[in-house]
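# Close look at the chain arrangement
This is what each chain is made of:
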Amino acid sequence: MELLLIGMSRFARRRVLPAAASIPEIERINVVSAHADAETLGHVAKAGTVYTDWREALSVARPGLVYVSLVNSDHARVVRRALDHGHHVVVDKPGLPDPDTAAEMVSLAGSSSLVVAEATCYSFHPLFAAVRSVLADLDAEVTKALALFTPPVPPDDWRYDRARGGGALLDTGPYAVSLGRVLWGAEPERIDVIVGDRTADALETSYSMLAGYPGGRTVVGQFGFTTAYQNTVRLMGKGFTIEVDRPFSAPPGTAVDLRVQAGDQVYVHTVEPADSMRVFLSEVLAAAKGGSRDFDASLLSDARALARLTRAASLPQG
């Protein structure tokens, strides 16, 4: 199958292209970019055709897998056009602007036996299987999660632009609202948000979240652009804590340590390096080949939860 990458974002260059190049089922990588220079394009493995217009690319490329890595405000129209032309689609998070659009795209994909998936791929890293293994050994379950995710965003980045779908809620919200799904297979019953920082035009750049899940389980988190880089999750339950470094973006070449404290016992469980994007894309290709609808539920669930997060942030503060 051929991959058509629409948009040469930093993330696409750093994570998507290397992962795609390493997957044997992806035979050729075509690129849409109006701005990438010759040196950047020269480093694309399995290089095929370079387009400057995504509409042209979608109309002439043979059906395959499209990866959309554009500003958030462009996602819906590009995803719709790609599905209309018979492509399977992966789209950067947040995949689609609202639950109704997400449901529309899932229905459109399903009517043509196509896959549409949001690239919230952190959960495909084997560290989460390792967490489940540790919990089985402890005969315990997670009831509370404390998350800190404050990725660096340059001040001139489009994520500070409301018109292009910027802001911390849309950029980090997919991680905030999906963690409960990853841990418990559940959507939040309640979300409360306190916005911390805003731009001059009131765009949210940091926020704190409390999300409540069935059975009294909770996710508490601090997210945004305005502090030093943090990327940790602490999982807690009766008598134990598991602390995970970089759970939302574990580097492909780096082992991940789970620091476990259970009663008086403290130890480290090391998870071997893995590329969550490669695992995720391989699962998408398998779903495309087998006609699976496995990605529908997570896309729809996260869209509903993200909408609740943004509504909660819009309520009067204080």
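One structure accompanies this document, and this report is about it. (Residues numbered from 1 in each chain as written. Predicted model: local features only at pLDDT ≥ 70, side-chain atom pairs only at ≥ 80, totals over all residues. Heavy atoms only, no water.)

### A word on the pattern of salt bridges
All told, the structure shown has 19 salt bridges when counted by the stated rule. Two residues, E104 and R80, come together in a salt bridge whose shortest N-O distance is 3.1 Å. Pair noted here: E104 is in helix α5 (residues 99-111) and R80 is in helix α4 (residues 75-84), with a separation of 24 residues, a long-range link. Judged by its relative accessible area of 39%, E104 is partly exposed. Taking the shortest distance from any N to any O, the salt bridge between D171 and R159 comes out at 2.9 Å. Of this pair, D171 sits in helix α7 (residues 168-184) while R159 sits in the loop between β7 (144-149) and α7, and the two are 12 residues apart along the sequence. Within this structure, R10, K93, D157, R159 and D171 form a network of salt bridges that share partners. (Salt bridge = Lys/Arg side-chain N within 4 Å of Asp/Glu carboxyl O. Helix = DSSP H or I, 4+ residues; strand = E, 2+ residues; numbered from the N terminus. Buried < 20%, exposed > 50% of the residue type's maximum accessible area, 1.4 Å probe, protein only.)

### Notes on the environment of A140
By the secondary structure assignment, A140 is in the loop between α6 (127-138) and β7. When the C-alpha atoms of A140 and G237 are compared, they prove to be 7.1 Å apart, with 97 residues separating the residues in sequence. Excluding anything up to four places from it in sequence, A140 contacts L135 and F240. (Contact = heavy atoms within 4.5 Å.)

### Comments concerning the environment of V244
For V244, the position within the fold is in strand β12 (residues 240-245). For the pair V244 and F128, spaced 116 residues apart in the sequence, the C-alpha separation amounts to 9.8 Å.

### A word on helix α9 (residues 296-314)
The end-to-end C-alpha separation of α9 is 28 Å, in line with the 27 Å expected for 19 residues at 1.5 Å each. Within α9, the full set of buried residues consists of D296, L299, S301, D302, A303, A305, L306, A307, L309, A312 and A313. Of the surrounding elements, those touching the buried residues of α9 are α5, β6 (116-118), α7, β8 (190-198) and β9 (204-213). (Expected span 1.5 Å × (residues − 1).)

### Notes on the side chain of S178
One can find S178 in helix α7. Among the polar contacts made by the side chain of S178, one reaches the side chain of Y122 at a distance of 2.7 Å. If we ignore the near neighbours within four places in the chain, the residues touching S178 are T120, Y122 and D302. (Polar contact = N/O pair within 3.5 Å; in protein donor to acceptor, adjacent residues only side chain to side chain.)

### Comments concerning the packing of α5 against α9
Two elements in contact, α5 and α9, have axes whose closest approach is 9 Å; the angle formed by their N-to-C orientations is 170°. Classified by the angle their axes make, α5 and α9 are roughly antiparallel. At the point where α5 passes α9, the crossing takes the right-handed sense. For the pair formed by α5 and α9, the contact residues are P99, A102, A103 and V106 on the first element and D296, L299, L300, A303, R304 and A307 on the second. Grouping the amino acids of the contact of α5 with α9 by side-chain chemistry returns 8 nonpolar, no polar and 2 charged. (Axes fitted to C-alpha atoms, helices over the stretch in contact; angles between N-to-C directions. Parallel < 35°, antiparallel > 145°, perpendicular 65-115°, else oblique. Left-handed = near helix turned anticlockwise from the far one by under 90°. Nonpolar A, V, L, I, M, F, W, Y, C, P; charged D, E, K, R; others polar.)

### Quick look at the sheet that holds strand β4 (residues 65-68)
The 6 strands are arranged β3-β2-β1-β4-β5-β6 in an open sheet whose pairing can be described as parallel. Single-partner strands in this sheet number two, and they are β3 (47-51) and β6. If you compare each strand with its neighbour and ignore which way they point, the axes differ by 20° on average. As paired strands, strand β1 (residues 2-6) and strand β2 (residues 28-32) are joined by 5 bridges and run parallel to one another. Paired with L3 across the two strands is I29, which belongs to β2. Relative to strand β5 (residues 88-91), α4 is tilted by about 165°, and along the sheet it contacts β1, β4, β5 and β6. (Pairing = 2+ DSSP bridges.)

### Describing a nonpolar patch on the surface
A cluster of nonpolar side chains, contributed by L146, L210 and V220, occupies part of the molecular surface with about 200 Å² of accessible area. As for its placement among the helices and strands, L210 is situated in strand β9. A residue is classified by how much of its surface remains accessible, and L210, at 38% relative accessible area, is partly exposed. (Patch = residues over 30% accessible without salt bridge, like charges linked within 9 Å, V, L, I, M, F, W, Y side chains within 5 Å. Areas by Shrake-Rupley, 256 points an atom, 1.4 Å probe, with all protein chains shown as cover.)

### Overview of unusual backbone geometry
For the bond from K93 to P94, the omega torsion is -10°, close enough to zero to count as cis. Within the secondary structure, P94 sits in the loop between β5 and α5. Located in the positive-phi region is S113, a residue other than glycine, with phi close to 55°. Unlike most non-glycine residues, D139 shows phi in positive territory, near 50°. Following the sequence through the fold, D139 ends up in the loop between α6 and β7.

### Topic: the sheet that holds β8
Across the sheet, which stays open at both edges, the 8 strands sit in the order β8-β9-β10-β7-β11-β12-β13-β14 with mixed pairing between neighbours. Each having just a single partner strand, β8 and β14 (265-271) make up the two edges of the open sheet. Shown here is a sheet whose adjacent strand axes are inclined to one another by a mean of 10°, direction ignored. With 7 bridges joining them, strand β13 (residues 256-262) and β14 adopt antiparallel strand pairing. Pairing of D257 across the sheet is with T270, part of β14. Sheet strands in contact with α7 are β7, β8, β9, β10 (217-224) and β11 (231-237), and its direction is about 20° off that of β9. On the sheet, α9 packs against β8 and β9 and is oriented at approximately 55° with respect to β8.

The quantities given are spatial measurements derived from coordinates; they are silent on function.
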